[in-house]
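The chain contents come next:
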Amino acid sequence: MDTLLIATFEILSFGAIVVLVVLGLGIIASMMGIFNFAQGEFVLLGAYVTYLMHSVGLPVPLGMLAAPVAVGTLGFVLEKLVVRRFYAAPIVAMLGTYALGLIIREAVRGLTGGLYLSVPEPISGSITIGSLHFAAWRGVIVIITLLVMAASHALLAYTSFGLRVRASLENPQLARASGISTGMIYSVTFAFGAALAGLAGALIVPVFSLFADLGIRFLIQGFVAVMVGGVGSFAGPVAGASVIGTFSAWLPWLMSPVIADVLVFVLAIIFIKFRPQGLVSGRGVNR
């Protein structure tokens, strides 16, 4: 029983990380009809910003607050200068964002010297319940993820900005005719998705350490999670992230981690084959 409870906690904490990454990726995919293949590197940048601020003597929590702001700002600029040129060609957009991610990854590799760098947990120690010990920081990650999910849903569902976002998603032409600046909506949405990835990187760097390839695993899992969950709604990517995050964290308890990763992807491919619209069918992007 103790092992089961510990495993459940590990699954929740890892699943929370995947949800943060996929939430941003899914919002961008649903809104713009493209997959941002630089999302994993936005996770890496969030981790690097946190490390950089810690290395100059600033508190780690301050770095974690700065990370989504910095990464979101970079995402806004990249959308304005590069990404928006590819909306008409989704395949080219994937290649373009992959190239951007490659540049970011190699830049961080050069800045870190290819080393593994550590950042201390802002809240160290463990939470003891009976004979069980749970890492306190992993619990904080779960709580923050739940709060971010609730805030993101409220922003998109109950605010005027969310109404404009949904209008631009459902019918961009009509939204533009109604006076909505869809170009600015796309820029802010892309920046928001990037900021969520930056926050994910900031939260996980004390757990996984900082290294240049940190974001690759989360990009692959995020892409698969969006496909499993379905594009075109808020609930789809979250559902997909919950499923992929659960299997990715649970299967290594039963078998080799390498085999577990392969099995997750095989199961996801089989699922997508028989249900290509995903767990939650969205209306998609009508550009």
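Our structure is the block above this text.
Everything numeric here is computed off the predicted structure, so don't read it as measured data.

Novice: Could you give an account of the pattern of salt bridges, naming the residues involved and the relevant values?
Specialist: Applying the stated criterion across every chain, the model contains four salt bridges. A salt bridge links Arg 109 to Glu 106, with the shortest nitrogen-to-oxygen separation between them at 3.0 Å. With Arg 109 and Glu 106 both in helix H4 (residues 90–112) and three residues apart, the pair spans about one turn of that helix. What makes Arg 109 partly exposed here is its relative accessible area of 28%. Here the salt bridges do not stand alone but share partners, grouping Glu 106, Arg 109 and Asp 213 into one network.

Novice: I'd like a description of the nonpolar core, backed by residues and values.
Specialist: Phe 42, Leu 203, Leu 210, Leu 214, Phe 218 and Ile 244 are the most contacted members of the largest nonpolar core, which has 76 residues in total. By residue number, the principal contributor to this core is helix H1 (residues 2–32), which donates 14 residues.

Novice: Which residues make up a nonpolar patch on the surface, and what values do they have?
Specialist: Judged by side-chain polarity, Val 243, Phe 247, Trp 250, Leu 254, Val 258, Val 262, Val 266, Leu 267, Ile 270, Phe 274 and Leu 279 come together as a nonpolar surface patch covering roughly 990 Å² of accessible area. Within the element layout of this structure, Trp 250 appears in helix H10 (residues 235–250). Residue Trp 250 is classed as partly exposed on the basis of its relative accessible area of 35%.

Novice: Mind laying out the side chain of Thr 145, listing which residues take part and the relevant values?
Specialist: Within the secondary structure, Thr 145 is located in helix H5 (residues 136–158). Residue classification places Thr 145 among the buried residues on the basis of a relative accessible area of 2%. In this view, Thr 145 contacts Ala 16, Val 19 and Leu 20; residues no more than four positions away in its chain are not counted.

Novice: Help me get a handle on H10, residues and values and all.
Specialist: Given a rise of 1.5 Å per residue, 16 residues ought to cover 22 Å, and the 22 Å separating the end C-alpha atoms of H10 matches this to within 8%. Within H10 the residues assigned to the buried category are Gly 236, Pro 237, Val 238, Gly 240, Ala 241, Ile 244, Gly 245, Ser 248 and Ala 249.

Novice: Quick rundown of the packing of aromatic side chains? Include the residues and the values.
Specialist: Centre distance and the angle of the planes are the two values used to describe a pair of aromatic rings. With the rule as written, the count across this model stands at five aromatic pairs. For the pair Phe 35 and Phe 223, a centre-to-centre distance of 4.9 Å together with 65 degrees between the ring planes defines the contact as edge-to-face. In this pair, Phe 35 sits in the loop between H1 and helix H2 (39–55) while Phe 223 sits in helix H9 (residues 214–229), placing the two residues 188 residues apart along the sequence. Judged by its relative accessible area of 14%, Phe 35 falls in the buried class. Phe 223 gets classed as partly exposed once you look at its relative accessible area, which sits at 28%. Considering the side-chain rings of Phe 42 and Phe 190, the 6.3 Å spacing of their centres and the 85 degrees angle between planes classify their relative orientation as edge-to-face. Of this pair, Phe 42 sits in helix H2 while Phe 190 sits in helix H8 (residues 182–208); the two residues are 148 residues apart in sequence, bridging distant segments of the chain. Grouping aromatic residues by their ring pairs yields a cluster made of Phe 35, Phe 37 and Phe 223.

Cut-offs and rules
- Residues numbered from 1 in each chain as written.
- Predicted model: local features only at pLDDT ≥ 70, side-chain atom pairs only at ≥ 80, totals over all residues.
- Heavy atoms only, no water.
- Salt bridge = Lys/Arg side-chain N within 4 Å of Asp/Glu carboxyl O.
- Helix = DSSP H or I, 4+ residues; strand = E, 2+ residues; numbered from the N terminus.
- Buried < 20%, exposed > 50% of the residue type's maximum accessible area, 1.4 Å probe, protein only.
- Core = buried A, V, L, I, M, F, W, Y, C linked by side-chain atoms within 4.5 Å.
- Patch = residues over 30% accessible without salt bridge, like charges linked within 9 Å, V, L, I, M, F, W, Y side chains within 5 Å.
- Areas by Shrake-Rupley, 256 points an atom, 1.4 Å probe, with all protein chains shown as cover.
- Contact = heavy atoms within 4.5 Å.
- Expected span 1.5 Å × (residues − 1).
- Phe/Tyr/Trp six-rings, centres within 6.5 Å; stacked < 30°, edge-to-face > 60°.

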